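Summary of the model geometry
So you can see what is in the structure, the chains are spelled out below.
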Amino acid sequence: MRKDNCIFCKIANGEIPSKTLYEDREFRVILDLAPATRGHALILPKEHADDLYDLPEDSAAKAMRLARKMGRIMEERLQCDGLNLVQNNKEAAGQTVRHFHLHLIPRYRDDGQNINWKPGKPSDEELEAVRELIAR
Ligand code: 5GP
Ligand code: ZN
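Criteria and thresholds
- Position numbers for residues count from 1 along each chain, tracking the sequence in the order it is written.
- The lettering of chains begins at A and the numbering of ligands begins at 1, in the order of writing.
- Totals for whole chains, interfaces and linings use all residues, but because this is a predicted model, local features are given only for residues with pLDDT of at least 70 and pairs of side-chain atoms are given and counted only at 80 or more.
- Side-chain figures throughout are based on the complete set of non-hydrogen atoms in the structure, without hydrogens or water.
- Any Lys or Arg side-chain nitrogen found within 4 Å of a carboxyl oxygen on Asp or Glu counts as a salt bridge.
- Strands are runs of DSSP state E lasting at least two residues, helices are runs of H or I lasting at least four, and both sets are numbered from the N terminus onward.
- Burial here depends on accessible area, computed with a 1.4 Å probe over protein chains only, as a share of the maximum for the residue type. Under 20% is buried, over 50% is exposed, and the range in between is partly exposed.
- Each metal's donors comprise the N, O and S atoms found within 2.8 Å of it (within 3.2 Å for Na, K or Ca). Water is not part of the atom list, so some coordination spheres may appear incomplete.
- Geometry assignment treats four donors as tetrahedral when all angles are between 85 and 135 degrees, treats four as square planar and six as octahedral when opposite donors are over 155 degrees apart and all others between 65 and 115, and treats everything else as irregular.
- In this description, contact between two residues means that some pair of their heavy atoms is separated by no more than 4.5 Å.
- The set of buried Ala, Val, Leu, Ile, Met, Phe, Trp, Tyr and Cys residues whose side-chain atoms join them within 4.5 Å is what this entry labels a nonpolar core.

**Here's the deal with the pattern of salt bridges**
- Counted under the stated rule, the structure contains 13 salt bridges.
- The salt bridge involving Glu-23 is made with Lys-46; its shortest N-O contact spans 2.7 Å. Of this pair, Glu-23 sits in strand E1 (residues 20-23) while Lys-46 is found in the loop between strand E3 (41-45) and helix H2 (57-78), placing the two residues 23 residues apart along the sequence.
- Across the pair Glu-26 and Arg-25 runs a salt bridge whose closest N-O atoms are separated by 3.8 Å.
- Judged by its relative accessible area of 22%, Glu-26 is partly exposed.
- Assessed through its relative accessible area of 72%, Arg-25 is described here as exposed.

**Section: the coordination of the zinc ion (ligand 2)**
- The protein atoms that coordinate the zinc ion (ligand 2) are Cys-6 (SG), Cys-9 (SG), His-48 (ND1) and His-99 (ND1), at distances spanning 2.1 to 2.3 Å.
- What the four donor atoms of the zinc ion (ligand 2) show is an angle range of 104 to 115° at the metal, which sorts the shape as tetrahedral.
- Donor residues for the zinc ion (ligand 2) sit on one chain with the sequence pattern C-x2-C-x38-H-x50-H. With Cys-9 in helix H1 (residues 7-12) and His-48 in the loop between E3 and H2, the pair connects residues that are 39 residues apart, well separated along the chain.
- Looking at His-48, the relative accessible area reads 18%, which means it is buried.

**Brief notes about the environment of Ile-16**
- Relative to the elements of secondary structure, Ile-16 occurs in the loop between H1 and E1.
- Other than its neighbours up to four places away in sequence, Ile-16 contacts Ile-7, Lys-10 and Ile-11.

**Details of the nonpolar core**
- Judged by nonpolar contacts, the single largest core of 14 residues is most densely connected at Val-29, Ile-43, Leu-66, Met-70, Phe-100 and Leu-104.
- Of all the secondary structure elements, the ones that give two or more residues to this core are strand E2 (27-31), E3, H2 and strand E5 (102-107).
- Considering each element in turn, this core owes the most residues, five residues, to H2.
- Apart from residues lying up to four places away in sequence, Val-29 is in contact with Lys-19, Thr-20, Leu-21, Tyr-22, Ala-41, Leu-42, Ile-43, Leu-66 and Met-70.
- Cys-9, Ala-12, Ile-30 and Leu-44 belong to the second-largest nonpolar core, a separate cluster that totals nine residues.

So, in structure tokens, the structure goes:
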């Protein structure tokens, strides 16, 4: 299903033009309009899903397979030195468009970008408490 007023539904389904790198029945891969680096791309499912939780499991697996395939092509054609996959879910995590997308960010030595976090220093007790909360 497509969602009214969702810009990525419109782009993924070709209603709004985009710089398309790849397309099949389920996905479109486009260049990001405000790229972090040269070749920064987005994998978009054609069916609307708000985020990773909303995406059918099979589509999630296919998106990762497609990331692997596109990453290899980009490495060869762009001669990049590395690749970051970034996937934001919900506003607190930096998601600005509520239609699942997987960022493919080619990295170049000395590209000046920084996809990092400030490392924490939890105690063993804190790590154990969170482990118990999540692990089953
Ligand atoms: P988020 O922050 O939600 O993970 O990433 C949204 C991304 O979509 C951003 O990198 C932004 O530059 C990109 N973006 C937003 N609107 C458009 C658009 O209309 N076309 C394209 N190609 N990219 C877009
Ligand atoms: Zn959508």
